[in-house]
Amino acid sequence: SSELPQALDEFLRYAEAAGGRGQVSHLNVRANTGATEGAWEAAVARIEQARRDGMDVLTDNISMTHGPGLMVGILPPWVLEDGTDVARERLSDPAIRLRLRTECDRYWRFIHRGEWQRVRLSASPQHPELTGLPFPEIAARRGTDEWDAFFDLLVDAGPDMSKLLMFGELYSEQHLADMVAHPLFMLAVDAMNSTTTGPLAERTQLPLTYAGQITYLTKFVRETGLLRLEEAVRKMTSM
């Protein structure tokens, strides 16, 4: 979020070089992740200006205030650069754990700022009893703090540590509503597929897979009236 203006500059340069068309995936600002005041509004204004200048650019958002993320996503790249076996050794080292408490300032940066109550474990095959619990509760159950609980789960997953998911409270309700209602935002979901058979079935594990589009219709059309049904369907399909 702190580098949103630079990221948008880069996107617009490439979009223009490619013929003036492009889509910004998930133009949002997560709460307490380093963005400056008004960063989202400024970014949206730049997309609006680009369209006035003749570029065919749009953006999108997801339908929920919560979203999934890889647990290893907050680790600095050097932890995993030599493979999961070495990463497991590193994450078991108390000295490295101490170092990582100050270096895991990426991806969901609110974790680095101590807001563990915003994060839940999606699932851990090694610890099914912890599925869905917020990290403060996981830490309390394991008699440790949130950072060590986090590292322990990755170590216990071994070669599958890169598959562990967490769910975070990412946006405020108002921010989500502002995105949904904006005329340049398409209504998307952040899911791979919805198949329950075959080789891709194991990737069908997120609530967004099934509930994402339905949420637009139930919450923002039926319940709040933020969108007319016809407009919601257009933003979900032909747009």
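The rules behind the values
Residues numbered from 1 in each chain as written. Predicted model: local features only at pLDDT ≥ 70, side-chain atom pairs only at ≥ 80, totals over all residues. Heavy atoms only, no water. Buried < 20%, exposed > 50% of the residue type's maximum accessible area, 1.4 Å probe, protein only. Helix = DSSP H or I, 4+ residues; strand = E, 2+ residues; numbered from the N terminus. Arc of directions from axis to C-beta. Polar contact = N/O pair within 3.5 Å; in protein donor to acceptor, adjacent residues only side chain to side chain. Salt bridge = Lys/Arg side-chain N within 4 Å of Asp/Glu carboxyl O. Contact = heavy atoms within 4.5 Å. Patch = residues over 30% accessible without salt bridge, like charges linked within 9 Å, V, L, I, M, F, W, Y side chains within 5 Å. Areas by Shrake-Rupley, 256 points an atom, 1.4 Å probe, with all protein chains shown as cover. Pairing = 2+ DSSP bridges. Axes fitted to C-alpha atoms, helices over the stretch in contact; angles between N-to-C directions. Phe/Tyr/Trp six-rings, centres within 6.5 Å; stacked < 30°, edge-to-face > 60°.

Chemist: I keep staring at helix H4 (residues 94–103) and nothing clicks. Help me out?
Modeler: In an α-helix, one turn spans 3.6 residues, which is why side chains three or four residues apart end up on the same side. Looking at H4, one finds that the buried residues are Ile96, Arg97 and Leu100. Taken down its axis, H4 places every buried residue within 100° of arc, on the same side. The exposed set on the far side of H4, more than 90 degrees from its buried face, consists of Pro94, Ala95, Leu98 and Thr102. Put simply, aspartate 93 is the residue that caps the front of H4, since its side-chain oxygen is 2.8 Å from the backbone nitrogen of alanine 95.

Chemist: Explanation requested: the pattern of salt bridges in the structure shown.
Modeler: A side chain with one charge may pair with a side chain of the opposite charge, provided their charged atoms come close. Scanning the entire structure with this criterion turns up 18 salt bridges. The salt bridge involving glutamate 137 is made with arginine 141; its shortest N-O contact spans 3.3 Å. In this pair, glutamate 137 and arginine 141 are both assigned in helix H6 (residues 135–142), four residues apart and thus about one turn of the helix distant. Taking relative accessible area as the criterion, glutamate 137 reaches 33% and is therefore assigned partly exposed. Between aspartate 160 and lysine 163 there is a salt bridge whose closest N-O contact spans 3.7 Å. A cluster of three or more residues bridged by salt bridges with shared partners is formed by Arg97, Arg101, Arg142, Asp145, Asp148, Asp152 and Asp156.

Chemist: What is the right way to look at the environment of serine 92 in this model?
Modeler: For serine 92, the location among the structural elements is in helix H3 (residues 84–92). A residue is classified by how much of its surface remains accessible, and serine 92, at 40% relative accessible area, is partly exposed. Distance from serine 92 to phenylalanine 151, taken between C-alpha atoms, is 7.7 Å for residues 59 residues apart in sequence. Not counting the four nearest positions on each side in its chain, serine 92 is found in contact with Arg97 and Val155. A polar contact is formed between the side chain of serine 92 and the backbone oxygen of arginine 88, at a distance of 2.8 Å.

Chemist: Explanation requested: unusual backbone geometry in the structure shown.
Modeler: Trans peptide bonds make up the majority, and among non-glycine residues the majority have a negative phi. The backbone phi angle of histidine 26 is positive, close to 55°, even though this residue is not glycine. The backbone of tyrosine 107 sits at a positive phi, close to 60°, despite the residue not being glycine.

Chemist: It is not clear to me how a nonpolar patch on the surface should be interpreted in this structure. Could you clarify?
Modeler: Together, Leu217, Leu229 and Val233 give the surface a local cluster of nonpolar side chains, amounting to about 220 Å² of exposed area. Here valine 233 is to be found in helix H10 (residues 229–236). A relative accessible area of 38% places valine 233 in the partly exposed class.

Chemist: It is not clear to me how the sheet that holds strand S5 (residues 165–169) should be interpreted in this structure. Could you clarify?
Modeler: One key point about sheets: their strands pair by backbone hydrogen bonds, in either a parallel or an antiparallel sense. With antiparallel pairing, three strands are arranged side by side in an open sheet as S3-S5-S4. Edge strands, defined here as strands with exactly one partner in the open sheet, are strand S3 (66–70) and strand S4 (119–123). Neighbour-to-neighbour, the strand axes of the sheet open up by a mean angle of 35°, direction not taken into account. The pairing of S3 with S5 spans five bridges and is classified as antiparallel. Bridging across to S5, proline 68 finds its partner in phenylalanine 167.

Chemist: Which parts of the structure should I look at to understand the packing of aromatic side chains?
Modeler: For any pair of aromatic rings, the description consists of the separation of the ring centres together with the inter-plane angle of the planes. Applying the stated criterion across every chain, the model contains eleven aromatic pairs. Ring geometry for tryptophan 40 and phenylalanine 185: centres 5.9 Å apart, planes at 45°, overall tilted. One end of the pair, tryptophan 40, is in helix H2 (residues 39–52); the other, phenylalanine 185, is in strand S6 (residues 185–187), and 145 residues separate them in sequence. Assigned by exposure class, tryptophan 40 and phenylalanine 185 land together as buried.

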